[in-house]
Amino acid sequence: MSVLVLILAVSAACCLGFGFVLQQNAAEKAPLSDFLSFRLLLDLMKVPRWLGGIGLMVAGMVLGAIALGKGEISLVEPLLATNLLFALALSRHQTRQSLGRQGWAGLALLAGGVTAFILAGEPRGGSAITDPLRHWLIIGVMIGLALLLTTYAKRSRLSGGPVLLGLAAGLLYGVQDALTRVSGQRFSEGGLAEVLTGWQPYTVLALGVTGLVLVQSAFETAPLRMSLPALTAAQPLAGIACGVGFLGDRLRTDTGALAWEAAGLAAVVVGIVLLGLHPAMPSGTGKPEQVRDLQPR
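Residues numbered from 1 in each chain as written. Predicted model: local features only at pLDDT ≥ 70, side-chain atom pairs only at ≥ 80, totals over all residues. Heavy atoms only, no water.

J.: Tell me about the overall build of the protein, and name the residues and values.
T.: Across its full length, the protein holds twelve helices and zero strands. Starting at the N terminus, the α and β elements of the protein follow one another as α-α-α-α-α-α-α-α-α-α-α-α. Taken over C-alpha atoms, the radius of gyration comes to 19 Å for the protein, in line with the 19 Å a tight globule of 297 residues would show. The buried share of the protein, reckoned over its 297 residues, is 51%. If you take every contact in the protein between residues at least 6 apart in sequence, the share linking residues at least 24 apart comes to 87%. Taking the 21 positively charged and 16 negatively charged side chains of the protein as two groups, their mean positions are separated by 8 Å. (Helix = DSSP H or I, 4+ residues; strand = E, 2+ residues; numbered from the N terminus. Rg over C-alpha atoms; globule rule 2.2 N^0.38 Å. Buried < 20%, exposed > 50% of the residue type's maximum accessible area, 1.4 Å probe, protein only. Contact = heavy atoms within 4.5 Å. Lys, Arg positive; Asp, Glu negative; His and termini not counted. Charge placed at Lys NZ, Arg CZ, Asp CG, Glu CD.)

And the structure:
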């Protein structure tokens, strides 16, 4: 594994984690009437803390894009999942909560799971699949699942909605990471003209804006611990599926390696859940006067 890719991916995770916390701090005060509306972004643009969080998120995405250009998505995505560690670190500073057994267990499972997956799978590059049907099938499944989750989230609003929105945004961000890598490859082959003549950069932009609306809607309706674990777990799984499915990423497939890869991913998910549910995560201020209006009748 390239040390440069490791540094870039972990730096990206740091920016993303800090950015998510700052965004949630601001989004929780936004009016719930903006739920799942692009108007929510317009309202949040007036809040300096949210803009700072977005700035960190953009920096993380840029660093992640550079990492994806230099390493396999199956390697970079698990490293990006460590953004939850940095989110927890900032949240602990804000809430003064101790890490405790739950925090240490989640940290060990997340870090150990990422390490186990990378060491067992030995992600490496290969020949990308050129069949467009394969591309659209995998991307369509991911976007379709995200749309289905968003539909159910709109119905459930303040109950299971934030979790579903986190999952949906994670799926979109995983596809966005995959298409970002494709755009990087096109840029290296033919420059900016080659990138702009393809559909990938425009899809990356559309997925990014849509995912941002989903994430901010989740952040404004519930504590960070409700949505960030789902987002953090879904993104690497979707990214790895795209990497192996059509980007040509190769993982070891012998029985022992597959068992360790599965165990590693399972540990990552469990660790994310434990960290995301930690008391140090911002609990939100709540909007009791608006909750009654949004509950399903």
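Having seen the structure, we can now continue with the description.
J.: Before we move on, can you summarise a nonpolar patch on the surface with the specific residues and values?
T.: A surface patch of nonpolar side chains, amounting to about 480 Å² of accessible area, comprises L137, V141, L145, L148 and Y152. Within the element layout of this structure, L137 appears in helix 7 (residues 132-156). (Patch = residues over 30% accessible without salt bridge, like charges linked within 9 Å, V, L, I, M, F, W, Y side chains within 5 Å. Areas by Shrake-Rupley, 256 points an atom, 1.4 Å probe, with all protein chains shown as cover. Salt bridge = Lys/Arg side-chain N within 4 Å of Asp/Glu carboxyl O.)

J.: Quick one: what's the story with the layout of surface pockets, residue by residue and with numbers?
T.: Here the largest pocket defines a volume of roughly 590 Å³. If you trace the largest pocket, you find 31 residues lining it, with M57, V58, M61, Q176 and G208 closest to the centre. Secondary-structure elements contributing two or more residues to the lining of the largest pocket are helix 1 (3-27), helix 3 (48-70), helix 4 (73-80), helix 8 (161-196), helix 9 (200-221) and helix 10 (224-245). Residue composition of the lining of the largest pocket, grouped by class: 21 nonpolar, eight polar and two charged. Approximately 270 Å³ is the volume attributed to the second largest pocket. I129, H135, V182, Q185 and Q200 are, among the 15 residues lining the second largest pocket, the residues nearest its centre. Those elements giving two or more residues to the lining of the second largest pocket turn out to be helix 7 and helix 8. (1 Å grid on protein atoms, 1.4 Å probe; cavity = no way out; pocket = protein on both sides within 12 Å on 5 of 7 lines; lining within 4 Å. Points joined across faces, edges and corners; volume = space filled by probe spheres on them. Nonpolar A, V, L, I, M, F, W, Y, C, P; charged D, E, K, R; others polar.)

J.: Describe the packing of helix 8 against helix 10, listing the residues and the values that go with them.
T.: As a packed pair, helix 8 and helix 10 sit with axes 6 Å apart at the nearest point and diverge in direction by 30 degrees. With respect to their mutual orientation, helix 8 and helix 10 come out roughly parallel. In terms of crossing hand, the pair formed by helix 8 and helix 10 is right-handed. Residue-level inspection shows P162, V163, G166, L167, A169, G170, L171, Y173, G174, V175, D177 and A178 of helix 8 in contact with helix 10, the latter providing M226, S227, A230, L231, A234, Q235, A238, G239 and C242. Class assignment for the residues of the contact of helix 8 with helix 10 results in 14 nonpolar, six polar and one charged. (Axes fitted to C-alpha atoms, helices over the stretch in contact; angles between N-to-C directions. Parallel < 35°, antiparallel > 145°, perpendicular 65-115°, else oblique. Left-handed = near helix turned anticlockwise from the far one by under 90°.)

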